[in-house]
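Understanding the architecture of this molecule
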Amino acid sequence: MVLQMVILKLADWVLYQLLANSCYRAARKMRSYGFLLKNSSLKPSQQTTQTLIPSVSKCSLENRESDSVVCDIDGGLLRTSSFFPFFMLVAFEGGSLIRALLLLLSWPILFVLDYEIQLRVMIFITFCGLKIKDVECVGRAVLPKFYLENLHLQAYEVLASTGSKFVITSIPRVMVEGFLKEYLSVNKVMGTELHFVGNYFTGFLSNSGLLVKHKALKDWFGEKIPTIGLGTSRIHDQLLISLCKEAYVVNNKEDNKNTSNSVMTRDKYPKPLIFHDGRLAFLPTPLATLGMFMWLPCAIILSIFRISIGVYLPYKLALFLGVMSGIEIKTKGLNPSNSNLFHKKGVLYVCTHRTLLDPVFLSTCLGKPLTAVTYSLSKMSELIAPIKTVRLTRDRKIDGETMQRLLNEGDLVVCPEGTTCREPYLLRFSSLFAELADEIVPVAVNTSVTMFYGTTASGLKCLDPIFFMMNPRPSYHIQILEKLPSELTCAGGKSSCEVANYIQRKLGDALGFECTTLTRKDKYLMLAGNEGVVQEKQRKH
């Protein structure tokens, strides 16, 4: 009996909120849109209230150190007109493919719903049953990249010029607080709080419900009045910025016409973006996500085909079929002056590390078998690897002896960064390799993808090659530099650290990358919350 009453109440809420109330609003929207289309001369009058508020480009940035600014991240700090792609990122990266599909299927309904009900529905589908730590990991390691790429330049410049920064948003606080405080140095973030049970989100809001922005501002500031308010033409933003001394509107439609004034380029990032995680390499807007799901069946078949030809076919045939299947391979440095070098044994190839496939592509391009030393390679990757792989232990003495033995048997590939990096940066090179060989050949490796990343810090590493090969047109760029002169090796009197740093700079210059002193430990502490150390039991299994 109790269950029946609960179902009846739930049905009553759905009929009222989602059908009656929202469809009424949707009908009003459609009617107003149709009226505007028939009476285009009325458009200016419809925008009178918006034009009264100056654009964010009119805001002076001088002597703002003692001022305070209040804004929203949705439509204020970000150029995107909808927050849907960021909910999709949480659903896909923190949840699963099925959850992402459900969110995508809800989009046609969300399109006609009221803004507040849109948020409630997206929050429920995205967060229901997700672990809190998984969402926090996505907020720390995945979302910042997409926030930075979509940051509104002029809005950010206003934010950065002030001494006190406050963000008040109806978006769940857990999705934005980490980025706002870490990258934009925001003093206070007020957002919608989510209900949870134990370590899991329920998908519902806390007792306070959706955050009402202008009320939150009054509660926080009291009698004080913020100096600057940034917002959109939405009524909620108008109420928010009307409580500030100076109000400016961020008009994304106008900014899209003049992107040079609104797009944040990498050199203007408030903080360098060196590490990020997640599988999706694109902003998952509804249409882009639909394209991904339509591509998936073909992508899986294509990935299996590409991996199979690399494992079972000769180098030249594998290279030919790989290119025919859509893989773009560009090589440089395979010239006759280096050909005599490739017939010698004991050559150490020192590569930049972009994916687990670096040694495989190098071996294929050279047309000869190489041995690669690895650390955290999965059993599956070892089984399908077309070249010999040998695991290291992170014990310097043992690893040195292993690599020396392998060099005596033939050519060896090593990636001294110790882990992959997606962005145009090189991590610190371990100096161990420099102590073991005099025949050292630096190899500059770079990759590019359009749909899926072939690396992960917190996900299943065994799927890395599969995801990389699932891209419609993945590319590999391999540039083999000149052999290191003997006077620049340890045998020539240089220390191992000097040799490692020199090779890092040479490879950085060849790729146009910036050299850093960051290590594998730094990457995993930021992205996965651990030091990236594989336990001995895990190695055995």
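**What about the overall build of the chain?**
A count of helices and strands for the chain gives 25 helices and 16 strands. In the chain, buried positions account for 49% of the 541 residues. Considering only residue pairs separated by 6 or more positions, the chain has 74% of its internal contacts joining residues 24 or more positions apart. With the model as given, the accessible surface of the chain reaches about 26,700 Å², and the carbon-plus-sulfur share is 58%.

**Overview of the pairing of strand β2 (residues 164–172)**
Extensive coverage of β2 is indicated by the burial of eight of its nine residues. Strand direction decides the pairing type here: strand β1 (residues 68–71) and β2, joined by four bridges, are parallel. Bridging from a neighbouring strand, Cys-71 pairs with Val-167 of β2. In the sheet, β2 pairs with strand β3 (residues 188–192) via four bridges, with the strands oriented parallel. Bridge assignment links Ile-168 to a residue of β3, and that residue is Met-190. Handedness of the crossover joining β2 and β3 through helix α12 (residues 173–183) is recorded here as right-handed.

**Points about the packing of aromatic side chains**
Considering all chains together, one arrives at 13 aromatic pairs under this definition. Seen in terms of ring centroids, Phe-127 and Phe-201 are 5.5 Å apart; in terms of plane orientation they differ by 75°. Their pairing is edge-to-face. In this pair, Phe-127 sits in helix α8 (residues 115–127) while Phe-201 sits in strand β5 (residues 200–205), placing the two residues 74 residues apart along the sequence. On the accessibility criterion, Phe-127 (0% relative accessible area) is buried. An angle of 70° between the planes, with centres 4.9 Å apart, marks the rings of Phe-166 and Phe-221 as edge-to-face. Residue Phe-166 is located in strand β2, and its partner Phe-221 is located in helix α13 (residues 213–221); the two are separated by 55 residues in the primary sequence. Judged by relative accessible area, which is 10%, Phe-166 ranks as buried.

**Some points on unusual backbone geometry**
Backbone phi values are negative for most residues with the exception of glycine, while trans is the configuration of most peptide bonds. Positive phi values are uncommon outside glycine, yet Asn-63 reaches one of about 55°. Take Asn-63: it is sitting in the loop between α3 (48–52) and β1. At Ser-185, a position not held by glycine, the phi torsion is positive, near 55°. Relative to the helices and strands, Ser-185 resides in the loop between α12 and β3.

**Structural notes on the environment of Leu-313**
Secondary-structure assignment places Leu-313 in the loop between α16 (286–312) and α17 (315–324). In this structure Leu-313 comes out as partly exposed when scored by relative accessible area, which is 30%. Sequence separation between Leu-313 and Pro-386 is 73 residues, and the spatial gap between their C-alpha atoms is 9.3 Å. Other than its neighbours up to four places away in sequence, Leu-313 contacts Ser-308, Ala-318 and Leu-321.

**Some remarks on empty space enclosed by the protein**
Going through the model one piece at a time under the given rule, you end up with one cavity of 30 Å³ or more. Taken as a whole, the largest cavity holds about 80 Å³ of empty space. When its residues are assigned to classes, the lining of the largest cavity shows five nonpolar, four polar and three charged.

**A look at the confidence of the model for the chain**
Put simply, the chain has an average pLDDT of 86, and 85% of its residues get 70 or more. The low-confidence segment residues 26–50 (pLDDT under 50) makes seven contacts with residues lying over four places distant or belonging to another chain. Predicted confidence for residues 336–343 stays below pLDDT 50, and this span has 14 contacts to residues more than four positions away or in other chains.

Cut-off values and rules
Residues numbered from 1 in each chain as written. Predicted model: local features only at pLDDT ≥ 70, side-chain atom pairs only at ≥ 80, totals over all residues. Heavy atoms only, no water. Helix = DSSP H or I, 4+ residues; strand = E, 2+ residues; numbered from the N terminus. Buried < 20%, exposed > 50% of the residue type's maximum accessible area, 1.4 Å probe, protein only. Contact = heavy atoms within 4.5 Å. Areas by Shrake-Rupley, 256 points an atom, 1.4 Å probe, with all protein chains shown as cover. Pairing = 2+ DSSP bridges. Right-handed = clockwise from strand over helix to strand, strands pointing away. Phe/Tyr/Trp six-rings, centres within 6.5 Å; stacked < 30°, edge-to-face > 60°. 1 Å grid on protein atoms, 1.4 Å probe; cavity = no way out; pocket = protein on both sides within 12 Å on 5 of 7 lines; lining within 4 Å. Points joined across faces, edges and corners; volume = space filled by probe spheres on them. Nonpolar A, V, L, I, M, F, W, Y, C, P; charged D, E, K, R; others polar. pLDDT = per-residue confidence, 0-100.

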